[in-house]
Amino acid sequence: IHPGSFGDELVLDPALRPLMRTIKVTVDEQIEALLPRVVLRARCTAADGREHNVEVDNPLGHPDTPMDDAAIATKFMALAEPVIGRQRGKDILDRWWNVAEATDLPALLRMLKLPAGS
């Protein structure tokens, strides 16, 4: 699942509407009571009644499961590239990895300005 998963062409696709009507999102109070521990649980029931369950405890990015630099760069590029392009995303990432040495913070912030219509 990524931002493109929610684009208009997919969300409005009439072929997906029947599937979307079967999806239910609920709050599990037992999981909520575990905070600050984070548990993500997905349960899928197939048409034949078989159940498939996936549970992730403290997913990547949680303070107890921090992302390494490679994971941060991969996630940044996956989110940035569709909006600002690959090269600009790489340029921003390269400059922001070295923010501690930056002498012109306003210039770094200007790099983050999105194109009109984004």
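None of these values were measured; they are calculated from a predicted model. Position labels on residues start from 1 in each chain and follow its written sequence. Predicted model: local features are reported for residues with pLDDT of at least 70 only, side-chain atom pairs are reported and counted for 80 or more only, and whole-chain, interface and lining totals are derived from all residues. Processing note: side-chain calculations cover all non-hydrogen atoms of the structure and skip hydrogens and water entirely.

**Quick word on the layout of surface pockets**
Considered as a void within the structure, the largest pocket measures approximately 770 Å³ in volume. Lining the largest pocket are 20 residues, with Lys24, Thr26, Arg41, Ala42 and Arg43 positioned closest to its centre. Numbered from the N terminus, helices here are DSSP runs of H or I no shorter than four residues, and strands are runs of E no shorter than two. Those elements that provide at least two residues to the lining of the largest pocket are helix H3 (29–32) and strand E1 (39–45). Take the lining of the largest pocket: its biggest share by element is seven residues, from E1. Residue composition of the lining of the largest pocket, by class: 11 nonpolar, three polar and six charged. There is about 360 Å³ of room inside the second largest pocket. Breaking the lining of the second largest pocket down by element, the ones donating at least two residues are helix H1 (8–11) and helix H2 (17–21). For each structure, a 1 Å grid was placed over the protein atoms alone; sets of points admitting a 1.4 Å probe that cannot get out are labelled cavities, open sets with protein on both sides within 12 Å along at least five of seven lines are labelled pockets, and lining residues have an atom within 4 Å of a point. Grid points are joined across faces, edges and corners, and a volume is the space filled by probe spheres set on the points. Residues are grouped as follows: Ala, Val, Leu, Ile, Met, Phe, Trp, Tyr, Cys and Pro are nonpolar; Asp, Glu, Lys and Arg are charged; every other residue, Gly included, is polar.

**A closer look at the nonpolar core**
It is characteristic of soluble globular proteins that their nonpolar side chains tend to be buried jointly. To form a nonpolar core, buried Ala, Val, Leu, Ile, Met, Phe, Trp, Tyr and Cys residues must be joined to one another through side-chain atoms within 4.5 Å. Residue burial is assigned from relative accessible area. The probe radius is 1.4 Å, only protein chains are included, and a residue is buried under 20% of its type maximum, exposed over 50%, and partly exposed in between. Core analysis: the biggest nonpolar cluster contains five residues, these being Ala80, Ile84, Ile92, Leu108 and Met111. Those elements that provide at least two residues to this core are helix H4 (69–84) and helix H6 (105–111). We call two residues contacting when some pair of their heavy atoms lies within 4.5 Å. The contacts of Ile92, once residues within four sequence positions are left out, are Phe76, Ile84, Met111 and Leu112.

**Digging into the pairing of E1**
Bridging between E1 and strand E2 (residues 51–57) involves seven bridges; their strand directions are antiparallel. What sits directly across from Arg43, in E2, is Asn53. Following E1, the chain reverses through five residues before pairing antiparallel with E2; Gly49 in that reversal takes a positive phi of roughly 95°. Think of it this way: DSSP has to see at least two bridges between two strands before they count as a pair.

**Observations concerning the confidence of the model for the protein**
Per-chain confidence: the protein averages 91 in pLDDT, with 99% of residues scoring 70 or above. At the level of individual helices and strands, the protein shows its lowest average pLDDT in H1, which scores 88, and its highest in helix H5 (residues 86–97), which scores 96. Think of pLDDT as the predictor's per-residue confidence, scored from 0 to 100.

**A few points about unusual backbone geometry**
What is expected of a backbone is that most residues other than glycine have negative phi and most peptide bonds are trans. In the segment running from Leu35 into Pro36, the intervening peptide bond is cis, with an omega of 15°. Considering the arrangement of structural elements, one finds Pro36 in the loop between H3 and E1. Of note in this structure, Asn58 is not a glycine but carries a positive phi near 45°. Mapped onto the elements, Asn58 comes out in the loop between E2 and H4. Judged by its relative accessible area of 11%, Asn58 is buried.

**Description of H4**
The largest bend along H4 measures about 30° and falls at Ala78, with the proline Pro82 one to four residues further on. Residues of H4 that are buried make contact with H5. To obtain the bend at a residue, axes are fitted to the seven residues ending there and to the seven starting there, and the angle between these axes is taken.

**Examining the packing of H4 against H5**
Fitted lines through C-alpha atoms give the axes, limited to the stretch in contact for helices. The angle between two N-to-C directions lies from 0 to 180 degrees. Remark: H4 packs on H5, axes separated minimally by 8 Å, with the N-to-C direction vectors making an angle of 140°. Classed by the angle they form, the pair H4 and H5 counts as oblique. Crossing handedness for the pair H4 and H5: right-handed. Taken together, the residues of H5 that come into contact with H4 (itself represented by Asp69, Ile72, Ala73, Phe76, Met77, Glu81 and Ile84) are Arg86, Arg88, Gly89, Lys90, Ile92, Leu93 and Trp97. Orientation labels follow simple angle bins: below 35 degrees gives roughly parallel, above 145 gives roughly antiparallel, 65 to 115 gives roughly perpendicular, and whatever is left gives oblique. Working rule for handedness: look at the near helix, and if it is turned counterclockwise from the far one by less than a right angle, call the crossing left-handed; if clockwise, right-handed.

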